[in-house]
Each structure stands twice: as structure tokens, then as C-alpha cells.
Amino acid sequence: MAAIGISDSTQLAALDSDLLLAFVTVADSGGFTAAARYLHKTQSTISLRINTLETRLDTRLIERGSRRLKLTDDGETFLVYARRLLQLQREAIAALGRSQPVTLRFGLPEDYADTWLPALLERFGARHPDVHVHIHCRMSTELLEQLEKGSLDIVLAVQHEPSSGGRPVTTEEVVWAAHRRFELDAERPIPLALFPEQCVYRRRALAALADIGRDWQLVSTSQSPSGLKVIVGQGQTLTVGERRLLPEGWQVLGAAEGLPPLPPAVLEVHRSPSPMHPAFDDFVALIAEVLEEGG
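Residues numbered from 1 in each chain as written. Predicted model: local features only at pLDDT ≥ 70, side-chain atom pairs only at ≥ 80, totals over all residues. Heavy atoms only, no water.

### Observations concerning the overall build of the chain
Line of reasoning, step 1. Within the chain, the secondary structure is distributed over 10 helices and 12 strands.
Line of reasoning, step 2. The 295 residues of the chain split such that 44% are buried.
Line of reasoning, step 3. Considering only contacts within the chain whose residues lie at least 6 apart along the sequence, 77% involve residues at least 24 apart.
Line of reasoning, step 4. Surface summary for the chain: the accessible area is close to 15600 Å², and the carbon and sulfur share equals 49%. (Helix = DSSP H or I, 4+ residues; strand = E, 2+ residues; numbered from the N terminus. Buried < 20%, exposed > 50% of the residue type's maximum accessible area, 1.4 Å probe, protein only. Contact = heavy atoms within 4.5 Å. Areas by Shrake-Rupley, 256 points an atom, 1.4 Å probe, with all protein chains shown as cover.)

Structure representation (C-alpha cells):
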């Protein structure tokens, strides 16, 4: 296999941004199908671009035939330079004052938006006034689906699987919670108010109750954290949530009431594999900074 060596301007010019972007996105997303979704292209187009790039470089960049995408040694080496070339292109355009207005599409669960978003936007806006942030509040699973479709650039989400691919930024204590007027009757099924089925907190809570053989009854559901707070605020139901996000006037229940412990929640930052504006790196760093201070 030939070693990568770009020795003249003709070869360098042959490495157009469409080919570089396809390669970086395939490497970051873990496959041709995912890269096609992110870039809004067909899978055959992405494959053709990778083949063209490999032909021009006279080397294989991606191992074929393996179940999981794997870069060759040359592929790992070239990935570093491909990122640099794309970054230099963006910086060159910006230096000429011809850059287009930049929009950062950020998704996060609504309850975190209420708590940390103001500080995050204030700090980022002071550093990057030319970048407009569009906020999307949904459940974590929905946000990750939108990220995969290319509708979002950065997502703060609750980790659902250890191999989710996100960057952990903080861990939250998850507890059983209710309004202070609520009293748990050990002789009756636990009246629950929870998020819809796709919520990882809901799945973990019900699994924990099943493990100890405790009966429960789902009284209410709400996709909105605000709606759930109103329901639980009536003092008739129990829910689960992060300890430090509980409203004033709520109580935490646990072992004393015969309730099982709940696993903590890991918050992760997920990024689109497509190359981004340099300010987006600062946004990710600020997310971790604001969350840490919130602890």
C-alpha cells in the first residue's frame, strides 16, 4: 500500500472539500449510511466520494468487509490532515470577511434549559456575538434522532447506553420525588406521574420497582417537565428526577419509604460529525463549564 504523500499543487487541488467532508463525516459517524444522512446525500454518493479520494491519494483509507467501520493506518493519518484542511478553508473565507452568518442549532431537555441555558447563552454571546444560537427543547431520544438527521449541531442529552458516543460532562443524582403533601401508602400501588415510554428515567424507575416486587400505577404522563411539575404539585403522585432540579416544596423519598435506589444520570454532549465553525468548540467547552459550576 502506498504511503500518503502530497507533493505538488496538482494533487492538493484534487482534494476538494466535498471529498474531504465525506471522509471526515464517515469516520466520525461510524459508517457510510450515517454519513449520508448527516450530509443529505445518497449512500452511493458518499461511497463514490470515498473511492475518488482513495484513488487520488493512491491508498486505502477505510477497511472494507469489517462489521464496524475501521480506518487503515493511512486513513488514521489522513483524517488529521483532512480536518485541518477543512478548518483552514473556513478560516480563509472568514478572514476575507465573506463568511455567511453562522447559526448553531443546539438541542437539550427542557428542564436543563430552565436551569443552565441563560448562563450558557450569556457567556457564549459575549465571546461570539456573530453566532446565532437556535434552541430546540425535546426529550433526549428525540434530540439524538434530530442530530442524526442533520437537524441539530450540538445536543446535551441523558446517556441511554454506555456506548452512545457522547462526551460525558456531568453526573446527576436521580431520586424519587413528590410534593411535600404527598404520603406514600405502603399497602397500595405507588401512584406515578412520569415522562413517556422513551424516557430513560421512567424505564429505570419501573425496572427498579419490578426488582423489589413493588406494585405501581401510572396515573399521569407528560412530555413537558412543566406539565409534570403541575401534576406532581397536586400532592397525589410520585415521580423521578434530578435532585438539584427539584422545585421548592418537594420532598425526596427513598429507603425509609421502601423505595429502591435509582442509578445516576450521565449527561453527555453529542456533536454532528460534520465539520463546524471554530466557535462551536467554545460552545461545547462552555457547556461543561456551566454544568460544573451548577453542581
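### A closer look at the side chain of Arg49
Line of reasoning, step 1. As for its placement among the helices and strands, Arg49 is situated in helix 4 (residues 43–57).
Line of reasoning, step 2. Asp18 is the oppositely charged side chain nearest to the buried, salt-bridge-free Arg49, at an N-O distance of 4.2 Å.
Line of reasoning, step 3. Excluding residues that lie within four positions of it along the chain, Arg49 makes contacts with Asp18, Leu19, Ala22 and Lys41. (Lys, Arg positive; Asp, Glu negative; His and termini not counted. Salt bridge = Lys/Arg side-chain N within 4 Å of Asp/Glu carboxyl O.)

### Details of the sheet that holds strand 10 (residues 239–242)
Line of reasoning, step 1. Here we have three strands laid out as an open sheet, ordered 10-7-11, and antiparallel in their pairing. A single partner strand is all that each edge strand has here, and the edge strands are strand 10 and strand 11 (250–253). Between one strand and the next, the sheet's axes are offset by a mean angle of 50 degrees, whatever the strand orientation.
Line of reasoning, step 2. By the bridge criterion, four bridges tie strand 7 (residues 174–179) to strand 11 in an arrangement that is antiparallel. Residue pairing in the sheet places Ala178 in a bridge with Gln251 of strand 11. (Pairing = 2+ DSSP bridges. Axes fitted to C-alpha atoms, helices over the stretch in contact; angles between N-to-C directions.)

### Some points on the pattern of salt bridges
Line of reasoning, step 1. Evaluation of the coordinates by the stated rule reveals nine salt bridges.
Line of reasoning, step 2. With its nearest N and O atoms 2.9 Å apart, the salt bridge here joins Arg105 to Asp153. One end of the pair, Arg105, is in strand 3 (residues 102–108); the other, Asp153, is in the loop between helix 7 (140–149) and strand 5 (154–158), with 48 residues separating them in the sequence.
Line of reasoning, step 3. We classify Arg105 as partly exposed; its relative accessible area is 27%.
Line of reasoning, step 4. Connected through salt bridges with shared partners, the residues Arg123, Glu289 and Glu293 form a single ionic network.

### Brief notes about the confidence of the model for the chain
Line of reasoning, step 1. Per-residue pLDDT for the chain averages 86, and the proportion of residues at 70 or more is 89%.
Line of reasoning, step 2. Mean pLDDT in the chain bottoms out at helix 1 (residues 9–14), which sits at 49, and peaks at strand 7, which reaches 98.
Line of reasoning, step 3. pLDDT under 50 marks residues 5–10. Its contacts with residues more than four places away, or in other chains, come to six contacts. (pLDDT = per-residue confidence, 0-100.)

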